[in-house]
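# A structural walkthrough
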Amino acid sequence: MGERYSPRKLGLEELVRVLVQEHAVMREGLEQARDAARRKDFGAVARTLKEIDPVFRQHIVDEEFEILGLLIRSLGVKGAEKEILVFRQHRPIYALMTKIRELAAAPSGELEARETELEALFSEHARVEESEVFPKATSLGGRDSK
Ligand SMILES: [Fe+2]
Ligand SMILES: [Fe+2]
């Protein structure tokens, strides 16, 4: 995953603004997918998740390359330990999104439970990024990034 995407060349503050906007897009998409799952409209679940897929893939590339890159260059692996753990959630979150799209093609009761799990995982992940990771990166300044 991510092979087709390369980091967007944005300044740090602009990038953080875009990433926070994308969290809102993702939250809304996940909410729509969950509502569709409750209506048993599995076609809409698959379509909605497909729509946010490129958003999330680009988002992950920028977070890992720019934000985590900056934190590690500035603070070292030890100093960025917490953020490394936060960003390690990207693969399981993405894998869960993929799994739900598969389940939507052959619907079962598992889909709704996974949908709820995905929403909770992403929501907590975005909360930690916005309240801790992005402020920490921003406080290190954009000088290092470009
Ligand atoms: Fe993230
Ligand atoms: Fe994020």
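Above this text you will find the structure in question.
These lines cover the structure that appears in this document, whether it is placed above or below. All values reported here derive from a predicted model rather than from experimental measurement.

Parameters at a glance
Residues numbered from 1 in each chain as written. Chains lettered and ligands numbered in written order. Predicted model: local features only at pLDDT ≥ 70, side-chain atom pairs only at ≥ 80, totals over all residues. Helix = DSSP H or I, 4+ residues; strand = E, 2+ residues; numbered from the N terminus. Rg over C-alpha atoms; globule rule 2.2 N^0.38 Å. Buried ≥ 20, exposed ≤ 12 C-beta atoms within 10 Å, placed from the backbone. Contact = placed C-beta atoms within 7 Å. Expected span 1.5 Å × (residues − 1). Bend = angle between axes of the 7 residues up to and from the residue. Core = buried A, V, L, I, M, F, W, Y, C linked by C-beta atoms within 7 Å.

Helix and strand counts for the protein chain stand at five helices and zero strands. At 16 Å, the protein chain has a C-alpha radius of gyration in line with the 15 Å of a compact globule built from 146 residues. Referenced to the eigenvectors of the C-alpha coordinate spread, the extents of the protein chain come out at roughly 50 × 25 × 25 Å. Looking at the protein chain as a whole, 26% of its 146 residues are labelled buried. Counting contacts in the protein chain only where the partners sit at least 6 residues apart, residues at least 24 apart contribute 74% of the total.

Another aspect to go through is the environment of Ala-95. Locating Ala-95 in the fold gives a position in helix H4 (residues 90–105). Considered as a pair, Ala-95 and Leu-118 are 23 residues apart in the sequence and their alpha carbons are 9.7 Å apart.

Within the fold, Val-61 resides in helix H2 (residues 42–79). Between the alpha carbons of Val-61 and His-125 there is a distance of 16 Å; along the sequence they are 64 residues apart.

With that settled, consider H2. Its 38 residues give H2 an end-to-end C-alpha distance of only 43 Å, which falls more than 12% under 56 Å, the value for a rise of 1.5 Å per residue. Arg-73 marks where H2 bends most, by close to 85 degrees. Along H2, the residues classified as buried are Val-45, Thr-48, Leu-49, Ile-52, Phe-56, His-59, Asp-62, Glu-63, Glu-66, Ile-67, Leu-70 and Leu-71. Where H2 is buried, its residues touch helix H1 (12–38), helix H3 (81–87), H4 and helix H5 (110–139).

Time to look at the nonpolar core. Of all hydrophobic cores here, the largest spans 17 residues; its most connected members are Ala-33, Val-45, Leu-49, Ile-100 and Leu-111. Put simply, the parts of the chain that give this core at least two residues each are H1, H2, H4 and H5. Residues in contact with Ile-100, not counting those within four places in the same chain, are Val-45, Leu-49, Leu-111, Arg-114, Glu-115 and Leu-118. Leu-12, Leu-15, Val-133 and Ala-137 belong to the second largest nonpolar core, which has eleven residues in total.

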